[in-house]
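# Survey of secondary and tertiary structure
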Amino acid sequence: MSNCKTIAICNQKGGVGKTTTTVNLGIGLARSGKKVLLVDADPQGDLTVSLGWQNTDSIETTLATKLIDVIKETGNDPYVGILHHNEGVDLIPSNLELSAMEFNLVNAMSREISLKTYLNEVKHKYDYVLIDCMPSLGMITINALSAADSVIIPVQAQYLPAKGMTQLLQTVNRVKKYINPSLKVDGILLTIVDNRTNLAKSTVEALKQNFGSHIKIYESKIPSGIKAAETSSKGQSIYAYEPNGAVAKAYEGFTKEVLSSDRKKERLHSHESR
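Note that the structure is a prediction, hence the values are computed from the model and not measured. (Residues numbered from 1 in each chain as written. Predicted model: local features only at pLDDT ≥ 70, side-chain atom pairs only at ≥ 80, totals over all residues. Heavy atoms only, no water.)

## Description of the pattern of salt bridges
- Scanning all chains against the criterion turns up three salt bridges.
- The salt bridge involving Asp186 is made with Lys5; its shortest N-O contact spans 2.8 Å. With Asp186 in strand β7 (residues 184-193) and Lys5 in strand β1 (residues 5-9), this pair connects stretches of sequence that are 181 residues apart.
- Exposure remark for Lys5: the relative accessible area of 14% places this residue in the buried category.
- When the shortest N-O distance is used, the salt bridge between Asp262 and Lys5 registers 2.7 Å. Of this pair, Asp262 sits in helix α11 (residues 246-273) while Lys5 sits in strand β1, and the two are 257 residues apart along the sequence.
- Linked by salt bridges that have partners in common, Lys5, Asp186 and Asp262 make up one network. (Salt bridge = Lys/Arg side-chain N within 4 Å of Asp/Glu carboxyl O. Helix = DSSP H or I, 4+ residues; strand = E, 2+ residues; numbered from the N terminus. Buried < 20%, exposed > 50% of the residue type's maximum accessible area, 1.4 Å probe, protein only.)

This is the structure:
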């Protein structure tokens, strides 16, 4: 059995730092000696572009190709087309072809578990798989949640999306009930935090009040920073682009939190097994 952990980075609201979090958590884990696969599950291809593959339309093998292979049971080599980034992570890229998959999946036998079926073929080579979800709760996102062990929810600190959060958590619970009983929410990560405003503080308080009793809110908070926005056009992580900046330090802290809570769970699990 694979010891790989699959995490969906998910929020149906756009502009909350999902892609930035996927890149910097993924490369943060790779810097900690972990083997990491990143999956771009958004037809916009932001994750693919962020890692330096600017012309997504020219990429021949993408996530859409892999899902079609599963649906048609082609038996193609699952490793073909996985790209390698020079900061130590692998990537399954995406482009607009993926938007057609929403329709193709609806009529497929394996519609909710096509991504899981594919990842099961490759994930034994990795310690972590991170899926950058699109900002919607459609069939591709359902596939990501079905394939995941857990979910991390980035939330922008300037705006409390209580209604959106409730909707997302309902979707997670439905997937858990009908498709993936072991799915868990690892926690909420506050992003784009402007510490100079009271809004950030009140967002934290409101999140704690509404969700804090049953969902972890990470101690690390990702500050808003112009450099973080620039990294996506450079094809680099924040560690390579501005290693001593506040955003890099925050993502470093967040990566440590993710690793330490996974180690705690492993210890608990082995203790229970004994």
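Following the structure, the description resumes.
## Considering the pairing of strand β2 (residues 36-41)
- Burial of β2 is extensive: six of the six residues sit out of reach of the surface.
- Of the two faces of β2, the one holding Val36, Leu38 and Asp40 and the one holding Leu37, Val39 and Ala41 are both buried throughout.
- Alignment of β2 against strand β4 (residues 89-92), held across four bridges, turns out to be parallel. Bridging from a neighbouring strand, Leu37 pairs with Asp90 of β4.
- In this sheet, strand β5 (residues 128-133) lies alongside β2 in parallel orientation, the contact comprising six bridges. Considered in β5, the bridge of Val39 is made with Ile131. (Pairing = 2+ DSSP bridges.)

## Observations regarding the packing of aromatic side chains
- Under the defined criterion, the tally for this structure stands at one aromatic pair.
- Note on Tyr218 and Phe254: the rings are 4.9 Å apart at their centroids and 85° apart in plane angle, and the pair reads as edge-to-face. With Tyr218 in strand β8 (residues 217-223) and Phe254 in helix α11, this residue pair connects regions lying 36 residues apart in the sequence. Pair check on accessibility: Tyr218 and Phe254 agree, each one buried.
- The ring centre of Tyr239 lies 4.3 Å from the NZ or CZ of Arg31, which sits over that ring. (Phe/Tyr/Trp six-rings, centres within 6.5 Å; stacked < 30°, edge-to-face > 60°. Lys NZ or Arg CZ within 6 Å of the ring centre and 35° of its normal.)

## Some remarks on the sheet that holds strand β6 (residues 150-156)
- Across the sheet, eight strands lie side by side as β3-β4-β2-β5-β1-β6-β7-β8; this open sheet has mixed pairing. The outermost strands of the open sheet, each flanked by one partner alone, are β3 (83-84) and β8.
- The sheet contacts of helix α1 (residues 18-31) involve β1, β2, β4, β5, β6 and β7, and relative to β5 the element is tilted by about 170°. (Contact = heavy atoms within 4.5 Å. Axes fitted to C-alpha atoms, helices over the stretch in contact; angles between N-to-C directions.)

## Things to note about helix α3 (residues 63-72)
- For α3, every residue scored as buried is listed here: Leu63, Ala64, Lys66, Leu67, Asp69 and Val70.
- If you follow the buried residues of α3, they end up packed against β2, β4, α4 (97-106), α5 (114-122) and α6 (139-147).
- Count one or two residues on from α3 and you reach Glu73, which has phi positive near 50°.

## Remarks on the nonpolar core
- In this structure, Leu37, Leu119, Ile131 and Ile188 are the most contacted members of the largest nonpolar core, which totals 50 residues.
- Counting residues per element, this core draws most heavily on α6, at six residues.
- Among all residues touching Leu119, those that are not within four sequence positions of it are Thr6, Leu37, Val39, Ile92, Val129, Ile131 and Ala147.
- If you look at the next biggest cluster of nonpolar residues, it comprises 30 residues, including Leu51, Leu130, Leu189 and Leu259. (Core = buried A, V, L, I, M, F, W, Y, C linked by side-chain atoms within 4.5 Å.)

## Details of the packing of α5 against α6
- Running from amino to carboxyl end, α5 crosses α6 at an angle of 45°, the nearest separation of the two axes being 7 Å. When the interaxial angle is binned, α5 and α6 end up oblique. Crossing handedness for the pair α5 and α6: right-handed. Along its contact with α5, which presents Ser114, Leu115, Lys116 and Leu119, the element α6 presents Asn143, Ala144, Ser146 and Ala147. (Parallel < 35°, antiparallel > 145°, perpendicular 65-115°, else oblique. Left-handed = near helix turned anticlockwise from the far one by under 90°.)

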